[in-house]
Amino acid sequence: MKEKKQISIFLMVVGVVFIVIAGGIFVTTAWKYLLESGKRMLLFGSMVGLFTASVKVSGNPKLKRTERLLFYLGVVFTGFFTLSVMTGLFGQDTLFFPINAFYMLMANLAMLVPVLIRLMVCKKGFEFSMAVFWEKMQV
């Protein structure tokens, strides 16, 4: 019985690796040919899909780590989407900030929003930060 479980986990990991490789091939070959609106729609759709999958999986206690993974991937895609929108709105120059610092500030602030919502609504905001601080304290 244990061998079947190991085989299914192995096949799942292989499937995920192939999906990541396919996504990487798509991004490297087709991304530059997509319209800006298409890029933003893909990033937004990925963000919404990851958050939706996180909510759907949250009901299963066996998939607690998967739920966290999907949520924090959604947070990362929130940053990507924000960077995409910011570069489209402001172009290459801003008045007060160096361009990269301003964009990164806005992306980080946007990434903070879902984490704060998760903290207030679900009381689940600290697991990532506590894991990071715990690792730092152990060194």
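Residues numbered from 1 in each chain as written. Predicted model: local features only at pLDDT ≥ 70, side-chain atom pairs only at ≥ 80, totals over all residues. Heavy atoms only, no water.

Caption draft 1: Broad picture of the overall build of the chain. From N to C terminus, the chain includes five helices and zero strands. The linear arrangement of helices and strands in the chain, starting from the amino end, is α-α-α-α-α. Across the 139 residues of the chain, 18% fall into the buried class. When contacts within the chain are restricted to residue pairs at least 6 apart in sequence, those whose partners lie at least 24 apart make up 53%. Carbon and sulfur atoms make up 75% of the accessible area of the chain, which totals about 10800 Å². (Helix = DSSP H or I, 4+ residues; strand = E, 2+ residues; numbered from the N terminus. Buried < 20%, exposed > 50% of the residue type's maximum accessible area, 1.4 Å probe, protein only. Contact = heavy atoms within 4.5 Å. Areas by Shrake-Rupley, 256 points an atom, 1.4 Å probe, with all protein chains shown as cover.)

Caption draft 2: Layout of the packing of aromatic side chains. Inspection of the entire model under this criterion finds four aromatic pairs. Ring geometry for phenylalanine 71 and tyrosine 72: centres 5.1 Å apart, planes at 80 degrees, overall edge-to-face. Here phenylalanine 71 matches tyrosine 72 in class, with each residue buried. Grouping aromatic residues by their ring pairs yields a cluster made of Phe51, Phe71 and Tyr72. The ring of phenylalanine 71 carries arginine 118 above its face, with NZ or CZ at 4.3 Å from the centroid. (Phe/Tyr/Trp six-rings, centres within 6.5 Å; stacked < 30°, edge-to-face > 60°. Lys NZ or Arg CZ within 6 Å of the ring centre and 35° of its normal.)

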